[in-house]
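Residue-level listing of the chains:
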Amino acid sequence: MTKPLPLNSTIGIIGGGQLGRMLAMAAARLGYRTVILEPQADCPAAQAANRQIVAAYDDPAALDELAKVSAVVTYEFENVPVVAAERLAASVPVHPPPRALKVSQDRLAEKTFLNGIGVPTADFRAVDSDADLHAALDAFGGNGILKTRRLGYDGKGQRVFRSHTGDVTGSVAAMGGVPLILESFVPFEREISIIAARGIDGGLSAFDPAENVHRDGILHTSTLPASVSPTTAKAATGAAFSILGALDYVGVIGVEFFVLPDGGLLANEIAPRVHNSGHWTEAACAVSQFEQHIRAVAGLPLGDPRRHSDCVMENLIGDDVFRAPALLAEADLVLHLYGKAEARPGRKMGHFTRLLRR
Ligand code: AMP
């Protein structure tokens, strides 16, 4: 086993949102310091960290400063510029590896990678023109979801086609003229996700699958246990482990799946970071996904992922945050707010987990 990061070492985190905040809190509990690279001053992560470098994610001087002060660098979002991660990796360990960013930033590369290692996905076609779209819709019987290949999240940058037979002229321009992908429409029964981790020594660990419900394209609830068979749960974990191994990954990953009526699985998305659908772990497991990630990147033993309670995690979006006092009056409820000053519509302000009896 590699030597663990010494106490009081500094972990650099690229990205200043709530995931970075919760990583910083977990790092502090394990005796580490954190520095956040984030252009927005007083970001949620910086409020819980030792220091913030206020600069763009691809600012060379800021990256060099981050590399200088950090013993290891990690990130909390998948759109970290790959060149930035590679620049850092030349002088400091970067976990997860920059290749995980490359794969997950482009839906076409992601699905090609997944299929290449034997993890099935929805059928897909690259779409760069209206003619491509026409041909792809033809192949999928007029049904499909057109998505931007890059920079899509929470259902943004998507258009649904159902039984489409007409003209598609102008569709690619209407999506911004950027590279697109058409995915066949998956008649899924439910959506689940696996939060898994791989240590520096290659050891693997996974939390139980969560069953996820989205509202307006944003995660609404994650419920444990998911209503899936042990075979489906095992297959999801196996797929996540294959992904971790193939990427020579270190850290926590989130993998989202569609569950088909026969219990089969199609992977939808991989997130090379801690994930919203793993927030329940802070309340229902001895070791949260945030601590698991810090343990992995610091070369510490991975924690036991077993769950001591059933639970439901719910996101607080926009004005939902004002439910906090009422929620705090409930027993067996763990609340987590993100320190964001303004409760804008659609903005993730916090979440809570209700622990249920088993
Ligand atoms: P995504 O941005 O790819 O995570 O998609 C957001 C949500 O849209 C997913 O969680 C699904 O509920 C739905 N969705 C995405 N892709 C498909 C698909 N190929 N078939 C059916 N539903 C989908």
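This is a predicted model, so every value here is computed, not measured.

Description of the nonpolar core
If you look at soluble globular proteins, the nonpolar side chains tend to sit buried side by side. Ile14, Leu37, Leu66, Leu88, Ile192, Ile243 and Phe257 are the most contacted members of the largest nonpolar core, which totals 46 residues. The element best represented in this core is helix H8 (residues 230-246), accounting for six residues. Residue assignment places this core across two domains, with domain 1 (10-94) and domain 3 (190-356) each supplying three or more. When sequence neighbours within four positions are dropped, the list of residues in contact with Ile192 reads Pro209, Ala210, Glu211, Asn212, Ala226, Val228, Ala236, Val255, Glu256, Phe257, Val259 and Leu265. Of all hydrophobic cores here, the second largest spans 34 residues; its members include Met22, Leu23, Ala24 and Val252.

Here we look at the site of the ligand
Inspection of the region around the ligand gives 15 residues, with Arg107, Lys147, Gln158, Val186 and Glu191 positioned closest. In the model, an oxygen atom of the ligand is placed 3.0 Å from a nitrogen or oxygen of the Arg107 side chain. With respect to the ligand, the backbone of Ser184 contributes an N or O atom lying 3.0 Å from a nitrogen atom. Summarising the interface, the protein chains cover 89% of the accessible area of the ligand, which totals 480 Å² for the free molecule. Looking at the shell around the ligand, the elements that each hand over two or more residues are strand E6 (144-148) and strand E14 (265-271). Of the residues in the shell around the ligand, the class split is five nonpolar, five polar and five charged. Each of domain 2 (123-183) and domain 3 (190-356) gives at least three residues to the shell around the ligand.

Some words on the pattern of salt bridges
Two side chains of opposite charge can pair, provided their charged atoms sit close to one another. The full count for this structure, using the stated rule, is 20 salt bridges. A salt bridge links Arg51 to Glu65; its shortest N-O distance comes to 3.0 Å. Here Arg51, found in strand E3 (residues 51-53), pairs with Glu65, found in helix H2 (residues 60-69); they are 14 residues apart in sequence, far enough to count as distant. For Arg51, a relative accessible area of 35% translates into the label partly exposed. The shortest N-O distance in the salt bridge between Lys102 and Glu86 comes to 3.3 Å. With Lys102 in helix H4 (residues 98-104) and Glu86 in helix H3 (residues 82-89), the pair connects residues that are 16 residues apart, well separated along the chain.

Things to note about the sheet that holds E3
Spatially, four strands are ordered E3-E2-E1-E4 in an open sheet, and the strand pairing comes out parallel. Where the open sheet ends on each side, the last strands, each with one partner, are E3 and strand E4 (72-75). Strand after strand, the sheet turns through a mean of 25° between neighbouring axes, direction not considered. Seen against the sheet, helix H1 (residues 18-29) touches strand E1 (10-14), strand E2 (33-37) and E4 and runs at an angle of roughly 170° to E1.

Considering the domain arrangement of the protein
Under the domain assignment, the protein is made up of domain 1 (10-94), domain 2 (123-183) and domain 3 (190-356). Just the C-alpha atoms count here: the centres of domain 1 and domain 2 sit 35 Å apart.

Focus: the side chain of Lys111
Locating Lys111 in the fold gives a position in helix H5 (residues 107-116). On the basis of relative accessible area, Lys111 is assigned to the buried category, the value being 1%. Of the polar contacts made by the side chain of Lys111, one reaches the side chain of Glu183; its length is 2.9 Å. When sequence neighbours within four positions are dropped, the list of residues in contact with Lys111 reads Thr121, Ala122, Phe124, Ile181, Glu183 and Asn268.

A closer look at the environment of Leu337
Among the secondary structure elements, Leu337 is positioned in strand E16 (residues 333-337). Among the residues examined, Leu337 registers a relative accessible area of 34% and is labelled partly exposed. In this structure Leu337 touches Arg21, Leu316, Val321, Ala324, Met349 and Gly350, once residues within four positions along its chain are discounted.

As for unusual backbone geometry
Here the residue pair His95 and Pro96 is connected by a cis peptide bond, since its omega of -10° sits within 30 degrees of zero. Tracing the sequence through the fold places Pro96 in the loop between H3 and H4. Residue Leu224 is joined to Pro225 through a cis peptide bond whose omega torsion reads 0°. Examined against the element boundaries, Pro225 turns out to sit in the loop between strand E12 (218-224) and H8. Unlike most non-glycine residues, Asn8 shows phi in positive territory, near 75°. With respect to the helices and strands, the residue Asn8 is situated in the segment before E1.

Procedures and definitions
Residues numbered from 1 in each chain as written. Predicted model: local features only at pLDDT ≥ 70, side-chain atom pairs only at ≥ 80, totals over all residues. Heavy atoms only, no water. Core = buried A, V, L, I, M, F, W, Y, C linked by side-chain atoms within 4.5 Å. Buried < 20%, exposed > 50% of the residue type's maximum accessible area, 1.4 Å probe, protein only. Helix = DSSP H or I, 4+ residues; strand = E, 2+ residues; numbered from the N terminus. Domains from an automatic or database assignment. Contact = heavy atoms within 4.5 Å. Near = heavy atom within 4 Å. Polar contact = N/O pair within 3.5 Å; in protein donor to acceptor, adjacent residues only side chain to side chain. Areas by Shrake-Rupley, 256 points an atom, 1.4 Å probe, with all protein chains shown as cover. Nonpolar A, V, L, I, M, F, W, Y, C, P; charged D, E, K, R; others polar. Salt bridge = Lys/Arg side-chain N within 4 Å of Asp/Glu carboxyl O. Pairing = 2+ DSSP bridges. Axes fitted to C-alpha atoms, helices over the stretch in contact; angles between N-to-C directions.

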